[in-house]
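# Examination of the molecular architecture
Spelled out, the chains give:
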Amino acid sequence: MLSDRQKLILKAIVEEYVDTNEPVGSKALTNKPYLDFSSATIRYDMQKLEELGYLEKLHTSSGRAPSELGYRFYVDNLLTRDVAVKNVLKGIDDILNNKLDTKEAILQNLINYVSDVTGYYVAILGSSACYSRVKKMEIVPLTDKDALLLIVTNSGVVRSQRINVPNNFKMEDLLRIMNMFDVAMYDQSIYEIRDVLSKEAMKPRIREMVDFRDDILNFMIKGFASFLNTECYQTGLAKLFRQPEFQDYQVMQRIVKALDDSRLNEYMLKKGQALHIHIGHENEKAELYDCSIITIPYFLDENEYGTIALVGPKRMNYRQTVPIMEYLAKSLPNIYK
């Protein structure tokens, strides 16, 4: 367990390193008014913090930098909000209150602004409707070859997708198959429909009752695909790569590949009810081990939410980014209303 003095020293080292990107020595810390300790005392505690894994040496410098464990302790126990962020929050309000812009324009302007202020990559992922649960499915024929696939979710939202019946397959066959699957689909999340369809299609009774072919299964999965598409507004990759940690081309490539993976959006949407900060190796993808990622949901109603995500270096200005993310999550639902 860290002493109060060690906590103060760790907090000072994290915030100094965030500002300078230079290893922090005891001399720099003695200049801080809230560290009224001798240089020898500070050096002793820095050595202890290193032994405990909260600090690490970089190269041959005598200074220290926070380790991932140090950042984690700082975020969980020592983080305070930067009062200067109030001016940033006012800028967010100005964008949100622009009555002449569309919802899409406001969302794009918001992430551009936050990325400009922080220097990091920012994304807003749209509604998590794909996690709503199916209460009713129905196919409404339009012509012999066209139909409307309707899904009623547990939030009362009706979602529709126009579909085309495959060649050599009749509309009545499609209706019969959908009736077979109706019970299996009930109360499943839209996100799980692909797996449910595949499992149901393998059951003997389905194979026996209809000449079920793989192209029909693929067609049905494709019909649900539009429900899984998540709108995403993103910006700031170029700004992120101006950070000193990301000057190496191979590091850039890894990060671009990870952020371009649609499964990352699904992972972020699953983060749940509160703000999450993933530091370095806490991230799911190895390509993002050099990064910190902050995600926070914004709730449209009891059943639907989106996610705001911010990607920066582990040496992130958490004092600034955390209150910005919290304020965005609180304010975004007003756009949809």
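Here, every reference points to the structure presented above.
Everything numeric in this text was worked out from a predicted model, so none of it was measured.

The rules we used
Residues numbered from 1 in each chain as written. Predicted model: local features only at pLDDT ≥ 70, side-chain atom pairs only at ≥ 80, totals over all residues. Heavy atoms only, no water. Axes fitted to C-alpha atoms, helices over the stretch in contact; angles between N-to-C directions. Helix = DSSP H or I, 4+ residues; strand = E, 2+ residues; numbered from the N terminus. Parallel < 35°, antiparallel > 145°, perpendicular 65-115°, else oblique. Left-handed = near helix turned anticlockwise from the far one by under 90°. Contact = heavy atoms within 4.5 Å. Nonpolar A, V, L, I, M, F, W, Y, C, P; charged D, E, K, R; others polar. Phe/Tyr/Trp six-rings, centres within 6.5 Å; stacked < 30°, edge-to-face > 60°. Buried < 20%, exposed > 50% of the residue type's maximum accessible area, 1.4 Å probe, protein only. Salt bridge = Lys/Arg side-chain N within 4 Å of Asp/Glu carboxyl O. Pairing = 2+ DSSP bridges.

Glancing now at the packing of helix α5 (residues 86-96) against helix α14 (residues 318-331). The N-to-C vectors of α5 and α14 enclose an angle of 25 degrees; their axes lie 10 Å apart at closest approach. Regarding the angle of α5 to α14, the classification is roughly parallel. Between α5 and α14 lies a crossing whose hand is right-handed. Contact residues: Val88, Leu89, Ile92, Asp93 and Leu96 in α5; Pro323, Ile324, Tyr327, Leu328 and Ser331 in α14. Of the residues in the contact of α5 with α14, the class split is eight nonpolar, one polar and one charged.

This part takes up the packing of aromatic side chains. Counted under the stated rule, the structure contains three aromatic pairs. Relative to phenylalanine 73, the ring of tyrosine 54 has its centre 5.5 Å away and its plane inclined at 75 degrees; by these criteria the two rings are edge-to-face. On the criterion of sequence distance, the pair formed by tyrosine 54 in the loop between α3 (39-51) and β1 (55-57) and phenylalanine 73 in helix α4 (residues 68-78) is long-range, its members being 19 residues apart. Using a relative accessible area of 15% as the deciding quantity, one classes tyrosine 54 as buried. The buried category is assigned to phenylalanine 73, whose relative accessible area is 16%. Each ring, one from tyrosine 74 and one from tyrosine 318, has its centre 6.5 Å from the other, and the planes form 55 degrees; the classification is tilted.

A separate point is α4. The set of residues buried in α4 consists of Gly70, Tyr71, Arg72, Phe73, Tyr74, Val75 and Leu78. Against α1 (4-20), β2 (64-66), β8 (276-279) and α14 lie the buried residues of α4.

Our focus in this paragraph is unusual backbone geometry. At asparagine 21, a residue that is not glycine, the phi angle is positive and equals roughly 55 degrees. Position of asparagine 21 relative to the elements: it lies in the loop between α1 and α2 (26-30).

Before going further, it helps to examine the pattern of salt bridges. Per the stated rule, a full pass over the model turns up 15 salt bridges. Two residues, arginine 5 and aspartate 45, come together in a salt bridge whose shortest N-O distance is 2.5 Å. Placement of the pair is arginine 5 in helix α1 and aspartate 45 in helix α3, with a sequence separation of 40 residues. A relative accessible area of 31% places arginine 5 in the partly exposed class. The class of aspartate 45 is buried, set by a relative accessible area of 1%.

All right, on to the side chain of glutamine 320 then. Tracing the sequence through the fold places glutamine 320 in helix α14. On the basis of relative accessibility, which here comes to 16%, the residue glutamine 320 falls in the buried class. Apart from residues no more than four positions distant in its own chain, glutamine 320 is found in contact with Asp82, Val85, Val117 and Thr118.

Another point: the sheet that holds strand β10 (residues 305-313). The strand order β7-β3-β10-β9-β8 describes an open sheet built from five strands, whose pairing is antiparallel. Taken across any chain shown, the strands that pair with only one partner, and hence form the sheet edges, are β7 (232-235) and β8. For this sheet, the mean inter-axis angle between neighbouring strands, taken without regard to orientation, is 10 degrees. As paired elements, strand β3 (residues 121-125) and β10 share five bridges and run antiparallel to each other. Along β10, the bridge assignment pairs alanine 123 with alanine 309. Strands β3, β7 and β10 of the sheet are contacted by helix α6 (residues 103-118), whose axis makes an angle of about 30 degrees with β7. Running over the sheet, α14 touches β8, β9 (291-299) and β10 and is turned about 20 degrees from β9.

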